[in-house]
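# Survey of secondary and tertiary structure
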Amino acid sequence: MTYQTTTRLLKVNPEAPEPALIAQAAQVLRHGGLVAFPTETVYGLGANALDENAVSRIFAAKERPASDPLIVHVSSTGELSQVAMEIPPLAWQLINRFWPGPLTLVLKRGLLVPPNVTAGAPTVAVRMPRHPVALALLSAADMPVAAPSANLFSRPSPTTAAHVLEDLNGRVDIVLDGGPTTVGVESTVLDLTQTPPCVLRPGGVSLEALRRLIPDVAFRAKYAAENEQVAAPGMLLKHYSPRAQLVLLNGEREAVLRAMQAQARAEQEAGRRVGFLLVDEDLPLLGQQEGIVESLGAVADAEAVARRLFAALRSLDARGVDVIFARALPRDGLGLAVWDRLMRAAEGRIVDVE
Ligand code: TXA
Ligand code: MG
């Protein structure tokens, strides 16, 4: 059953959120309601993490399977100690270096956390966001807040309040509109309960930055095909999907763009509407091309590319394209998170171009 409500949209100052607006949203959280709020990565769909009923509303609103655990957001290390236990020294080092910020730590679950937050797992994912609106909301509510990205399950994550409303209008009590988010891809999920620690999802904190503190950090993204714990095969790979089919072409740039042109022409001849997801440098090389082009910015500006990625996918969808051609970009720094999201959006349709 879907949680039905009247959604109120509150515009807040992203740098200095108005206390009266934050107090309204905090009140809703305290009464077991749902509040969508900006973080530095993407918008989150928040509920009281210690209230099992409130948490179950998140799953209903998103139509998210109960097998996919949520991230708990905290505004203090005191709250961290409420939701996790046996926190290892390495966690404190990482917290000193990266919190508040886009790093989620998987730790041993504390006794107060209801089982639906972690999908029954004995571990819990926790992060302290650095967006002023998120921090103000968390400290006004004075509780840990469970919050997945505020999109319908398997849709691209929202980087604006308009994206949240597109998916969740009528399913969330309040949307705090703090403008577009700055990082644009979700947090890095780092599992500290494994040895060596393992990145389960690349994100806003790069693997290179983690390696400086954890030289032997492992990277094993949870793709459905490789993970027997996933109930329905293919489920996790379907994450971040636009409605259109996405084809990711990988290889040397000029060869990729040539292959892209040829494949696009074939699609168009078959009567399909084509969209392109590219970077500025690719535009002239793509040449005369019918179709809708979204540029993610300069290829060297990985931050801009990450920031624009989800909005570009939604925009191509909104313009009714049937197929999106995207070029795989370098995987260093934030590029790894971008590559991961594109690969999931492509649901494994990766074409290696010679
Ligand atoms: O940037 C972000 O992390 C955003 C903002 C709102 O904070 N949140 C977000 O949440 O992306 P969500 O639910 O869309 O993604 C949570 C990820 C999922 O891949 C989930 O499987 C993983 O974190 N996760 C949560 N709890 C876990 C646990 N106990 N063990 C392993 N992975 C976990
Ligand atoms: Mg998500």
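Just so you know, these numbers come straight off a predicted model, no measurement behind them.

## Quick notes on helix α8 (residues 253-269)
Count 3.6 residues to each turn of an α-helix, and residues three or four apart come out pointing the same way. For α8, which comprises 17 residues, the first-to-last C-alpha distance of 24 Å matches the rise-based estimate of 24 Å (1.5 Å per residue) to within 8%. Within α8, burial applies to Ala255, Val256, Leu257, Ala259, Met260, Gln261, Ala264 and Glu267. Looking at the buried side of α8, the elements it contacts are β13 (245-250), β14 (274-278), α9 (282-286) and β16 (323-327). Backbone nitrogen of glutamate 254 and a side-chain oxygen of the N-cap are separated by 3.2 Å at the start of α8; the cap is glutamate 252.

## Details of the side chain of arginine 314
Mapping arginine 314 onto the fold places it in helix α10 (residues 302-318). Residue contacts for arginine 314: discarding those within four places in its chain leaves Asn151, Arg155, Pro156, Ser157, Pro158, His163, Glu166 and Asp167.

## Details of the domain arrangement of the protein chain
Domain boundaries in the protein chain define domain 1 (8-219) and domain 2 (245-353). Listed per partner, the contact involves 25 residues of domain 1 and 16 residues of domain 2. Roughly 1,600 Å² of surface becomes buried between domain 1 and domain 2 when both sides are summed, with 57% attributable to carbon and sulfur atoms. Of all residues in domain 1, Pro156, Val185 and Pro202 give up the largest surface area on contact with domain 2, accounting jointly for 32% of the area buried on that side.

## Here's the deal with unusual backbone geometry
Here the residue pair tryptophan 99 and proline 100 is connected by a cis peptide bond, since its omega of -10 degrees sits within 30 degrees of zero. Mapped onto the elements, proline 100 comes out in the loop between α4 (89-98) and β6 (103-109). Along the chain, threonine 195 connects to proline 196 via a cis peptide bond; the corresponding omega equals -10 degrees. The phi torsion at glutamate 63 lies on the positive side, around 55 degrees, for a residue other than glycine. Given the relative accessible area of 47%, glutamate 63 is considered partly exposed. Not every positive phi belongs to a glycine, and serine 154 is a case in point at roughly 75 degrees.

## Focus on empty space enclosed by the protein
Leftover empty space is mapped by rolling, across the atoms, a probe with the size of a water molecule. Evaluation of the coordinates by the stated rule reveals 1 cavity of 30 Å³ or more. Each pocket or cavity is described by its volume, and for the largest cavity that value is around 40 Å³. Lining of the largest cavity is provided by Thr188, Val199, Pro202, Gly203, Val205, Ser206, Leu207, Gly333, Leu336 and Ala337. Here the lining of the largest cavity is built from residues that sort into 6 nonpolar, 4 polar and no charged. A domain-level breakdown of the lining of the largest cavity finds at least three residues from each of domain 1 (8-219) and domain 2 (245-353).

## What to know about the site of ligand 1
Neighbouring ligand 1 are 24 residues, the closest being Thr41, Arg64, His73, Ser187 and Arg201. Protein contacts shield 93% of the accessible area of ligand 1, which totals 680 Å² for the unbound molecule. For the shell around ligand 1, the elements supplying multiple residues, two or more each, are β3 (43-48), β4 (71-73), β7 (123-127) and β11 (198-201). For the shell around ligand 1, the element with the most residues is β7, which contributes 4 residues. Grouping the constituent residues of the shell around ligand 1 by class yields 12 nonpolar, 6 polar and 6 charged.

Criteria and thresholds
Residues numbered from 1 in each chain as written. Chains lettered and ligands numbered in written order. Predicted model: local features only at pLDDT ≥ 70, side-chain atom pairs only at ≥ 80, totals over all residues. Heavy atoms only, no water. Helix = DSSP H or I, 4+ residues; strand = E, 2+ residues; numbered from the N terminus. Expected span 1.5 Å × (residues − 1). Buried < 20%, exposed > 50% of the residue type's maximum accessible area, 1.4 Å probe, protein only. Contact = heavy atoms within 4.5 Å. Polar contact = N/O pair within 3.5 Å; in protein donor to acceptor, adjacent residues only side chain to side chain. Domains from an automatic or database assignment. Buried area = accessible area lost by both parts, 1.4 Å probe. 1 Å grid on protein atoms, 1.4 Å probe; cavity = no way out; pocket = protein on both sides within 12 Å on 5 of 7 lines; lining within 4 Å. Points joined across faces, edges and corners; volume = space filled by probe spheres on them. Nonpolar A, V, L, I, M, F, W, Y, C, P; charged D, E, K, R; others polar. Near = heavy atom within 4 Å. Areas by Shrake-Rupley, 256 points an atom, 1.4 Å probe, with all protein chains shown as cover.

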